[in-house]
Amino acid sequence: MQRLVPSIWFNRNAREAADFYTSALPNTSVGTVQYYPEAGLPESHREFAGQPITVELEVAGFKLSLTNADDTFAPNPSISFMLNFDPTAMDEPREALREVWEKLNEGGQILMPLDSYDFSEYFGWCVDRYGVNWQLMLTREEGEPRPFIMPALLFTREARGKAATAREKYLQVLCEVAESAAGNRVDYPDSPGVILFSDAQLAGEWMVINDSTFDHAFTFSEGVSFQVFCSDQQMIDRLWQALAHEEQPCGWCKDEFGVCWQIMPQNFEDLMRREGAFEKLMQMTKIRIDQF
């Protein structure tokens, strides 16, 4: 079971987006779809009765959760998804990268043109039609192997310069959930301790964690959060204590850096099938399994 799952917020079109990604990304399929209940929803959610609430997307074996909601939140470049086109793992990776790039850019926006850069001979950063950010990279054959898809955190504004601290905290906290290990790290030459590039395996999944030295208008938000699936209530309690700098409804919280987490029980899908589960969830901040 994947214990750390990125969750992306969509404005009433998560199912449509899932179908788009299955056509744009290689080895991608739609998995479990969960639905809002037909009755018992608060007035703010009644338009969603019977519609999908989450759509599971599997990209090269890596699960993403697409949240179908309103326009309260939206993704931004502070959390993007890096796609690694590895010459040692696929045929004609440059051509494959170009094909995915063209599909993701249909109705989207280019932030960094597809070109040669110091860190990669073929790289581009784009925002797709749904506001989701993607970094496509042709990796070096001599580099350490990494998964095809990796969430990438960019620490900006109030969080700028705190990537190293966050990385160490996540390694310490999430090792209880699943295997966690530090990977590569390169600091800015003129700013020791400020991360130019790093990656780490957190709760079993590889992620990129970097600082930015630019004055961006964006920072972390609920537009992209991270679901962490815990084995029992005791683990939920410990992670909540470590990460919940700001408590939010339904098991959501923000940590001290502004990154959003959903601290969830491993059997969450089963719990949500119980009568009145959605109403009970809406009344919680930290999830309490025995209250379902």
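Residues numbered from 1 in each chain as written. Predicted model: local features only at pLDDT ≥ 70, side-chain atom pairs only at ≥ 80, totals over all residues. Heavy atoms only, no water.

> Which parts of the structure should I look at to understand the overall build of the protein?
The secondary structure content of the protein amounts to six helices and 16 strands. For the protein, the spread of C-alpha atoms along the three principal axes comes to 55 × 40 × 35 Å. Across the 292 residues of the protein, 53% fall into the buried class. The long-range share in the protein, meaning contacts at least 24 apart out of those at least 6 apart in sequence, stands at 63%. Just so you have it, the protein exposes about 13400 Å², and 46% of that area is on carbon and sulfur atoms. Placing the 24 positive and 45 negative side-chain charges of the protein at their respective mean positions leaves the two points 5 Å apart. (Helix = DSSP H or I, 4+ residues; strand = E, 2+ residues; numbered from the N terminus. Buried < 20%, exposed > 50% of the residue type's maximum accessible area, 1.4 Å probe, protein only. Contact = heavy atoms within 4.5 Å. Areas by Shrake-Rupley, 256 points an atom, 1.4 Å probe, with all protein chains shown as cover. Lys, Arg positive; Asp, Glu negative; His and termini not counted. Charge placed at Lys NZ, Arg CZ, Asp CG, Glu CD.)

> How do you make sense of the pairing of strand β11 (residues 191-202) when you look at a structure like this?
The side chains of a regular strand alternate, residue by residue, between the two faces of the sheet. Relative to β11, strand β10 (residues 181-188) runs antiparallel, the two being bridged by six bridges. When the bridges of β11 are listed, alanine 181 appears paired with glutamine 201. Counted between consecutive antiparallel strands, the loop separating β10 from β11 contains two residues. By the bridge criterion, four bridges tie β11 to strand β12 (residues 205-211) in an arrangement that is antiparallel. Across the sheet, the residue bridging to glutamine 201 is tryptophan 206, located in β12. Linking two consecutive strands that pair antiparallel, namely β11 and β12, is a turn of two residues; a positive phi of about 50 degrees is found at alanine 203 within it. (Pairing = 2+ DSSP bridges.)

In short, geometric facts, not functional conclusions.
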